[in-house]
Amino acid sequence: MSCDNVQENGHVAKAAILEFAQLLDSDLGSWIEANVTFPCTMVDRIVPAATPETLTELTELLGVEDPCGIACEPFRQWVIEDNFVAGRPNWDIAGAEFVADVVPYEEMKLRMLNGSHSFLAYLGYLGGYAHISDTMTDPGYRKAAFDMMMQAQAPSLTMPEGTNLEAYAKLLIDRFTNPSLKHKTWQIAMDGSQKIPQRMGGSLKYHLDNGSDFKWLATGIAGWMRYVAGNDEQGNAIDVRDPMAETLKHICEQHGLNVSVVPALLELEAIFPTELGQNPIVIDAVSTAYQSLVEHGAKHTVSAL
């Protein structure tokens, strides 16, 4: 059972193990496929990158050094596909949730938590906020994050009956507000080319299919485009960490802070499938948000949503 933060991780683990087993012994591979189950799981707990400060604090608390120690939030959620070949431990006693299908919960987390995290990371960094909790002290960002969850992301989800997405969104705002959780906007902003498709792509398609408002998604994508340009609103260099950093840099250097960069970046099919990136409605909405970021800055753009 995989606990990695990968969508449908049980299927990924099964494919990897079966492929390796077949290399060793075809009978072994066949036996595993017939007799072993690979439950999918979803784990949710905000865990910022370890810092010297947190490691020092842990040493003081524990009385010994622990180089693997981490600081994390009190909240925890563990959703497990109830797919066990020979019974299972009663982990539900400690709060684990056993469900028939983990995918809806993965999508809920990816879109509502991670999607709004990315929104706050790019626009918060550009607005001068070092941590997610700092953005929550700004009423404009706080409201925009909640609206992003409820109006842009929640409608795109298909959840089991009884799921209260508004309560989930309010809980997320409380979690983001935790001042002890020093989760850097810069850290969350990393690897945007890999994150945006999962966190915003599905909900963007939903709104296009239904003709509904997606200005929060457009503003989040525009924030990413402004961020990967490599300089903040004060002209300071941004350390852009992304597997596609060189490609993004080349495109941004060709266009500068000109709205013409929007369709150029939307043409990157590795991030935006053609039906999204080449859609005139998407191009127009992201261009409008990008122009506002260039002319008025992130704080004004967010508060105007």
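Everything here concerns the structure above.
Just so you know, these numbers come straight off a predicted model, no measurement behind them.

Trainee: Tell me about the environment of Gly124, and name the residues and values.
Mentor: With respect to the helices and strands, Gly124 occurs in helix α4 (residues 103-126). Remark: the alpha-carbon pair of Gly124 and Thr135, spanning eleven residues in sequence, is separated by 6.0 Å.

Trainee: Requested: an account of the sheet that holds strand β2 (residues 77-81), with residues and values cited.
Mentor: Ordered by their spatial adjacency, three strands build an open sheet running β1-β2-β3, and the pairing between neighbours is mixed. Strand pairing shows two members of the sheet lacking a second neighbour, β1 (41-44) and β3 (97-99), which therefore form its edges. Direction aside, the axes of adjacent strands within the sheet are offset by 15° on average. The pairing of β1 with β2 spans four bridges and is antiparallel. Residue pairing in the sheet places Val43 in a bridge with Trp78 of β2.

Trainee: I'd like a rundown of the pattern of salt bridges, residues and numbers included.
Mentor: Using the criterion set out here, one finds nine salt bridges in the structure. Put simply, Arg175 and Glu73 hold a salt bridge, and the shortest N to O gap is 2.5 Å. Of this pair, Arg175 sits in helix α7 (residues 165-177) while Glu73 sits in the loop between α3 (52-62) and β2, placing them 102 residues apart in sequence. An identical accessibility class is assigned to Arg175 and Glu73; each is buried.

Trainee: Let's hear about the nonpolar core: which residues, and what values?
Mentor: Note that soluble globular proteins tend to have their nonpolar side chains buried in a common cluster. Residues Met112, Trp224, Met225 and Leu265 are the most contacted members of the largest nonpolar core, which totals 73 residues. With ten residues, α4 is the largest single contributor of residues to this core. In this structure, Met225 is in contact with Cys252, Val262, Leu265, Leu266, Val286 and Tyr290, ignoring residues within four places of it in sequence.

Trainee: Tell me what's going on with the environment of Ile221, and back it up with residues and numbers.
Mentor: Counting through the fold element by element, Ile221 comes out in helix α10 (residues 215-227). Between the C-alpha atom of Ile221 and that of Phe84, which follows or precedes it by 137 residues, the distance is 40 Å. The residues touching Ile221, leaving out its near neighbours within four places in the chain, are Met200, Leu204, Phe272 and Val286.

Trainee: An account of α4 is needed here, citing residue identities and associated values.
Mentor: The end-to-end C-alpha separation of α4 is 33 Å, in line with the 34 Å expected for 24 residues at 1.5 Å each. The sharpest bend along α4 measures roughly 30° and falls at Asn114. With 22 of 24 residues buried, α4 is to be regarded as a mostly interior element. At the C-terminal side of α4, Gly128 shows a positive phi close to 95°.

Here is what the cut-offs are and how they apply
- Residues numbered from 1 in each chain as written.
- Predicted model: local features only at pLDDT ≥ 70, side-chain atom pairs only at ≥ 80, totals over all residues.
- Heavy atoms only, no water.
- Helix = DSSP H or I, 4+ residues; strand = E, 2+ residues; numbered from the N terminus.
- Pairing = 2+ DSSP bridges.
- Axes fitted to C-alpha atoms, helices over the stretch in contact; angles between N-to-C directions.
- Salt bridge = Lys/Arg side-chain N within 4 Å of Asp/Glu carboxyl O.
- Buried < 20%, exposed > 50% of the residue type's maximum accessible area, 1.4 Å probe, protein only.
- Core = buried A, V, L, I, M, F, W, Y, C linked by side-chain atoms within 4.5 Å.
- Contact = heavy atoms within 4.5 Å.
- Expected span 1.5 Å × (residues − 1).
- Bend = angle between axes of the 7 residues up to and from the residue.

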